Every structure is written in C-alpha cells, then in structure tokens.
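# Breakdown of the fold
Now for the letters of each chain:
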Amino acid sequence: MHDFEVVSNEEIAEGIFSLVILAPRLASALKPGQFVNIRVPGDASELLRIPLSYVSADAEHGTVEIWYAVVGNATRRMSQWKPGFTSDLLGPGGRGWKAPEGTKRALVVGGGIGVPPVLCLSRELVSAGVAVDACVGAASASKLVGLEDFRALGCDQICVATDDGSAGACGFCTEPASELLAAGGYDYVATCGPGVMMSKVAAAAAEAGVYCEASLERMMSCGFGACSTCNVETADGMQGACMCGPVFDASKVVVW
Ligand SMILES: Cc1cc2nc3c(=O)[nH]c(=O)nc-3n(C[C@H](O)[C@H](O)[C@H](O)COP(=O)(O)OP(=O)(O)OC[C@H]3O[C@@H](n4cnc5c(N)ncnc54)[C@H](O)[C@@H]3O)c2cc1C
Ligand code: FES
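Residues numbered from 1 in each chain as written. Chains lettered and ligands numbered in written order. Predicted model: local features only at pLDDT ≥ 70, side-chain atom pairs only at ≥ 80, totals over all residues. Heavy atoms only, no water.

### Describing the UniProt feature "binding site: [2Fe-2S] cluster" (unreviewed entry) in the chain
Here the UniProt feature "binding site: [2Fe-2S] cluster" (unreviewed entry) sits at C222, C227, C230 and C242. The annotated residues occupy 21 residues of the chain but converge on a single region, no pair of C-alpha atoms lying more than 10.1 Å apart. Structurally, the position occupied by C222 is in the loop between strand 13 (212-215) and strand 14 (231-234). With a relative accessible area of 12%, C222 lands in the buried category. When sequence neighbours within four positions are dropped, the list of residues in contact with C222 reads N37 and C227. In contact with C227, other than residues within four places in its own chain, are S221 and C222. (UniProt positions renumbered as here; feature names shortened; annotations may be inferred. Helix = DSSP H or I, 4+ residues; strand = E, 2+ residues; numbered from the N terminus. Buried < 20%, exposed > 50% of the residue type's maximum accessible area, 1.4 Å probe, protein only. Contact = heavy atoms within 4.5 Å.)

Structure, rendered in structure tokens:
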C-alpha cells in the first residue's frame, strides 16, 4: 500500500489525462507492464479500486506518471483531482513484460489507451540498446497519445493509423504491424489495446515466427489473486490477469 499525492493531472488528448503522483517507494519498485490499483474516493457505493498501468516512473524524484481515459464514474472523479490531492494505491501489481534474452529488434503495437504500457516498455528496451519500431492506433487524431514520446525515443519506424483517417493511415494499426512483421527482422513483439487488435497482432507474429507478448485488460475486483474476476482462458487453463498477467505469452491466450 502506498499513499500518494497528486503532482499534476492534465488532459493530453480528448478524454485522456496524464496523472503524475508522488509515491517514492513505488517509483523505484515498478517494472514496465505492471499496474497499480488506485482508490478513488468520493462515492461510498463504489468500493473497488481501479487498475491502471503506468507510463513512466522517476525513481530520483519519486514520481509515477499514469495516462487514463475517462470512461466511467471513478475516472470521471479522477479527472477532477488537483495538485495536492491525496489517496492511496496498491502496487506494483502483476507480471510485466519479459523480452527474450538477446532481443535486438522489437515491434510494439499500442491501440488507444493501450499505448502507455508499450511506451513504458519501449523506453526500457531502447535504454538496453534494443531497436524499437512502433505502431500506434486510435479512433481519431484527437485521441492519439504517445507519438511525440516514440519520436523522442528515436524509434526507426513509427506507423500511425486512425479509424477515421484523421491522422496517419485510415484503418487499424494491425495492418502496418502485419506488414512490418512480414518484412522480418524482429525477435520480439509487445502489444496492448483492444482484444481484437491484440489477437490480430498475435496471429501476425505467430505467422512470422516471432515471440509475442500481450497485456490483457480484465475487470478486476481485488487486484491480488483473491476473487477470480480477472480470469483469462489460456492454453494452460484459467489464469488470473492480476497475478499471472496482465502480460501473457500471446500464443497461449485462448479468449481475448
Ligand atoms: C491491468 C490493467 C491496466 C489498465 N491500465 C489502464 C491505463 O493505463 N489507462 C486506462 O485508461 N485504463 C486502464 N485500464 C482500464 C481501467 O481500469 C478502467 O477503464 C477503469 O477501471 C474504469 O473505471 P470507471 O469507474 O471510470 O469506469 P466504470 O464505470 O467501472 O466502467 C466504464 C466502462 O469501462 C469498462 N471497464 C471498467 N473497468 C475495466 C477494466 N478493469 N478493464 C477493462 N474495462 C473496464 C466497463 O466495462 C465499462 O464499459 C486498465 C485495466 C487493467 C485491468
Ligand atoms: S482481480 Fe481478484 S483475482 Fe484478479
């Protein structure tokens, strides 16, 4: 359990906020792909915390940055948080990304609010000397996040696709991802976003013979293995996303 204080909370795209919190012990413990389970006070009928990935952690300054979409009551209340607001969270939660030893070139594919965990991973990979290409998708240009960050990382190829064609190619980012994979040269793929997107990326990676991991979203009640609400059907049986995931070997996921 970590107490935290809000440092900033700003809208960075339509309906998507960047929340920076001060939580020094957490900032030095998080690993890319893990999540935190945040208490959002203000409604006594809502007992559950909400699971959110993080996009960056600064151990030196003790801060953690989270990008979240406003979709329901809790995230709507979060969007009203001002600097100085305090609450608490449980974390780090779950199993993060695990690129194979010796990975030299990786492809990350993020859709919508699935971008933060793959951007976080990309920073780690680039600092370890891995070349990273990125495919980023969103419903429209106004909802795209992470592009500048991928550019700042020096990714060789950044492919953008939007459902309505208002930025990049018109369509899904699975298409450029499949083309890049077919061209070859990757030893690792990481994806996060809508289930249908991740299943297509996983299929393209399997076709190209490249190991692929996917970060799955499930409803979570407890966030620490006690309730089974977050089960994912895998080739090895039912596995809880909060403890065995949220990052899974994509080839083992049966139901996205
Ligand atoms: C491991 C993990 C990491 C996540 N990381 C992020 C993140 O980095 N940024 C982000 O914006 N969101 C993330 N989510 C989703 C986020 O937890 C939900 O959007 C949030 O709990 C919604 O709360 P709410 O009360 O505002 O909405 P609610 O009123 O509870 O729900 C609104 C809508 O969102 C759906 N929803 C609610 N909870 C979840 C959930 N856990 N997973 C999928 N759909 C849900 C509901 O079915 C409903 O359609 C993550 C979820 C998981 C499991
Ligand atoms: S959320 Fe309770 S077991 Fe995963």
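### Re the nonpolar core
Grouped together as the largest cluster of nonpolar side chains are 30 residues, with contacts concentrated most on L107, V109, C135, L181, V189 and L216. Of all the elements in the fold, those that place two or more residues in this core are strand 8 (105-111), strand 10 (158-162), helix 5 (174-183), helix 6 (195-208) and strand 13. For this core, the element with the most residues is helix 6, which contributes six residues. Each residue touching L181, except ones within four places of it in the same chain, is listed here: L107, Y186, V189, V201, A204, A205, A208 and V210. Judged by nonpolar contacts, the second largest core, of 28 residues, contains W97, A134, A138 and L144. (Core = buried A, V, L, I, M, F, W, Y, C linked by side-chain atoms within 4.5 Å.)

### Some thoughts on the domain arrangement of the chain
According to the domain assignment, the chain contains domain 1 (2-93) and domain 2 (105-215). A separation of 24 Å is found between the C-alpha centroids of domain 1 and domain 2. Every contact between the two is made by 12 residues of domain 1 and, on the other side, 15 residues of domain 2. Interface area, domain 1 with domain 2, both sides summed: about 1100 Å², of which 69% is carbon and sulfur. Per-residue buried area on domain 1 facing domain 2 is highest for E14, P32 and W67; these three make up 48% of the total on that side. (Domains from an automatic or database assignment. Buried area = accessible area lost by both parts, 1.4 Å probe.)

### Digging into the site of ligand 1
Around ligand 1 sit 19 residues in total, of which P51, S53, W67, A69 and T75 are the nearest. Measuring from an oxygen atom of ligand 1, one finds a side-chain N or O atom of T75 at 2.5 Å. For ligand 1, whose free accessible area comes to 850 Å², the fraction covered by protein is 73%. Listed by contribution, the elements that provide at least two residues to the shell around ligand 1 are strand 4 (50-53), strand 6 (63-69) and helix 2 (73-78). Ranked by residue count, the leading element in the shell around ligand 1 is strand 4, at four residues. A breakdown of the residues in the shell around ligand 1 according to their chemical character gives 13 nonpolar, four polar and two charged. (Near = heavy atom within 4 Å. Polar contact = N/O pair within 3.5 Å; in protein donor to acceptor, adjacent residues only side chain to side chain. Areas by Shrake-Rupley, 256 points an atom, 1.4 Å probe, with all protein chains shown as cover. Nonpolar A, V, L, I, M, F, W, Y, C, P; charged D, E, K, R; others polar.)

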